[in-house]
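Coordinates in review
One letter stands for each residue in the lines below.
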Amino acid sequence: MIKGTIHQTWSRSLGVVSRRSYHVPSINKALKTEYDTINDYGSYKNNVFTHRLPESTAQQSPSLVALHSRLNLPSKYSLSTLSQALNLNINDGLVNNFGLNTLGKNLLSYYVSEHLLVKYPRLPMPIHNVAVDSLMGHETLHEIGKIWGIQVDSSTKLDKYLSQESEFIKYGKLRFLSEQQKGEVKESGVHELSSQESKTKIDSSFISDEAQAYASAVRSIIGGLYTHTGEEATKKFIQDHILSRKLPLEEMFQFNQPTRELVRLCDKLNFAEPLEIRLIAETGRLSAHAIYVAGAFCGTEKLGEGIGSSIAEAKTRSVVNALMSYYLYSPLDSEGNAAKVPSDKDYKFEGIVGLGDVSI
Amino acid sequence: MPVKAIAKTSIARNGIGAYIVPCHRISLQYCNWGGSSTGLRELLKTGRLDKLASEKKGIFFDINKKNGHPTASFHYNNDTIKTVEIANLKPSEILAKIDEHSQRSGNDLFKFNHKVLSINDSVRGIWSPLHTPKSHRHKI
Amino acid sequence: MIRGFMGLNAQRSFSSMSRLGNAAVRSAVPDLHTLKISTNGSNHLYAIFKLHNMPYMVTKGDRVYLPFKLKNVQVGDKLKLNDVTTLGSPEFTYNDNKGIPQDAYELTASVVEITREPYYEVYRKKQRCRRLKTFPVEPFQTVLMVDELKVN
């Protein structure tokens, strides 16, 4: 019995040890990097031979041309860049999207966080992080990639030869699978995790390689737009495709001790009067389905109101409503429009800066 | 931590800001011999299909030659493929079919018995009898 | 000639409402500042617009299901809805049954889908005929997405 317990703790501690959550830098062997000394970063040079897809070849890919016009990209945006944005393979001799992905990611995170910080300046940090993920996380970008009609190049060279598919079609498809992965026979309903996927596994969910690839392609397309047309067009594109999505912020809050939090918040805001929760109305305690309306008050100011089928429920709802209306406040300018973001033309600071989170 | 966050993905609203055509690919299949493909063959011969494809630039058209009745498959961005029989149809009828199905979203057809479908909260909120002044409330 | 909207696309323009003598166009733009302030930056704003004299109450991001095929439009077109009778916030409502002047607000919708309702059959019985007549029905449906709604 003792042995059994020891065994259990061992395996548990092993499980913790073997999970590495931090990033370990390592040189990608496929890039054939050479350097004089390992500390001399200037001497790092990749010897892998890559070339850009010629524009004339890219023009012959119907899937690529269709994607270009479906996204309504400007004619300045070359098809070869678009094709590059869809390429994640390192070894196929074509330039991959590594740089474009990084560029796109930075642009996205700038415009998304700018939007959130100006529109919801009082959002608590955990909610803000989740909201950023909600707009530009891999899951969302995967969905966006699907909506854009990006297809995965999943057929092998042999399949392509047998079906007499034009070789150009693959340039308009998302290329992240190696020739070996494409050839693997898939059992329906069973998915074997790749090494990358098993690293991201938490409980029963994981980030699939496909989702990562789609997200990377979407970011790279944004990065490519920036390289060809500059900031203004990229901002418009991000607003149209990413920030236009509906953000379910009200569903993202999970309060543990809402009343205590509201009390702390009132302290922080230096409200003169103490927080009080008062019963506003009720249908009657002996009615068939009693309903209570409670309000969170600070002196004569009503901070929030809630309806519940018991007094406790009504109280909690009123407090949660008060907290939500504080956290989800968005500032307006003097005209009554939403406050401008710093990247807008003739920006003047008219919003507010949040006071930071409260601690319980 | 005072407040915990629940992860949610944002909801796509195609048509706000940018609009992406849900139909991204149309595959047409015809037979070089059968009589039921006459309409499609004529479309291909006269170049009217080229004209249609150049009008619908966002859609990738592919044409396959295969024995049997001709079909048109519409690939939508929600991973559905809708196959439509176009056997024995006149060229204009085939064009109408392509035009109609390329403007759909790929979702199942459904009858919506209301006028407006909204995912926003109501602006005015829900009427509550408990918010009228006490003297005006309904007494049992 | 459709009463209630005009196309925004440059290459395909539609009939404008102003020619029909909309009283609202002639009258002065009302001062909607109080309404605007109470809409929280047009976040809490609804409008009632009319299309073929049928009212539709919408907020931004709503889908409007029209039980017919809107003439001369294609998927992706943007429409300017120019027959708005009511604008409202949680606190205030501005109503003008003759139509609010177009400069006072901005309401556009994009055509998102042109599809059909599910197939069904309608039976008709004629007098002194024992058989039912069967009519196949699959009516058109146009879906609009309210793209922009704000008080100017």
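The structure we're discussing is the one just above.
Residues numbered from 1 in each chain as written. Chains lettered and ligands numbered in written order. Predicted model: local features only at pLDDT ≥ 70, side-chain atom pairs only at ≥ 80, totals over all residues.

**Quick notes on the sheet that holds strand β3 (residues 60–65) of chain B**
Residue and element names in this part refer to chain B. Where we set the bar: One bridge is not enough; two strands pair if DSSP finds at least two bridges between them. A helix here means a DSSP run of H or I that spans at least four residues, while a strand means a run of E at least two residues long, and both kinds are numbered starting from the N terminus. As a rule, the C-alpha atoms of each element are fitted with a line to give its axis, helices using only the stretch in contact, and angles between N-to-C directions run from 0 to 180 degrees. We call two residues in contact when their backbone-placed C-beta atoms lie within 7 Å.
Ordered in space as β3-β2-β4-β5, the four strands form an open sheet in which the pairing is mixed. Edge positions in the open sheet fall to β3 and β5 (81–85), since each of these has one partner strand only. Each strand of the sheet is rotated relative to its neighbour by a mean of 20°, with strand direction disregarded. Sheet topology places strand β2 (residues 23–30) next to β3; six bridges connect them, and they run parallel. When the sheet's bridge partners are listed, Arg-25 is paired in β3 with Phe-60. Docked against the sheet, helix α3 (residues 91–102) engages β2, β4 (71–76) and β5, running at close to 15° with respect to β4.

**Some remarks on the packing of helix α5 (residues 98–119) of chain A against helix α12 (residues 231–243) of chain A**
Residue and element names in this part refer to chain A. Using the following cut-off: With respect to orientation, any angle under 35 degrees is reported as roughly parallel, any angle over 145 as roughly antiparallel, any angle of 65 to 115 as roughly perpendicular, and every other angle as oblique. Left-handed describes a crossing whose near helix is turned anticlockwise from the far helix by less than a right angle; the clockwise case is right-handed. Each residue receives one of three labels: charged for Asp, Glu, Lys and Arg, nonpolar for Ala, Val, Leu, Ile, Met, Phe, Trp, Tyr, Cys and Pro, and polar for the others, Gly being one of them.
The geometry of α5 relative to α12 is characterised by a closest axis approach of 11 Å and an angle of 65° between their N-to-C directions. Comparing their axes, α12 and α5 come out roughly perpendicular. For the element pair α5 and α12, the recorded crossing hand is right-handed. Of α12, the residues touching α5 (which contributes Leu-107, Leu-108, Tyr-111, Val-112 and His-115) are Thr-234, Lys-235, Ile-238, Ile-242 and Leu-243. Here the residues of the contact of α5 with α12 are counted per class, giving seven nonpolar, two polar and one charged.

**Quick notes on the interface of chain B and chain A**
Contacts between the two partners involve 27 residues from chain B and, on the opposite side, 43 residues from chain A. Broken down by element, the residue count for the side of chain B that touches chain A peaks at three residues, all from strand β1 (residues 3–5) of chain B. A per-class count over the side of chain B that touches chain A returns 16 nonpolar, seven polar and four charged.

**Notes on the packing of helix α11 (residues 209–229) of chain A against α12 of chain A**
Residues and elements named next belong to chain A. The interhelical angle for the contact between α11 and α12, taken along N-to-C directions, is 150°, at an axis separation of 7 Å. For the element pair α11 / α12, the angle class is roughly antiparallel. Note on element contacts: α12 touches α11 through Glu-231, Ala-233, Thr-234, Phe-237 and Ile-238, opposite Ile-222, Leu-225, Tyr-226 and Thr-229. Taken together, the residues of the contact of α11 with α12 break down into six nonpolar, two polar and one charged.

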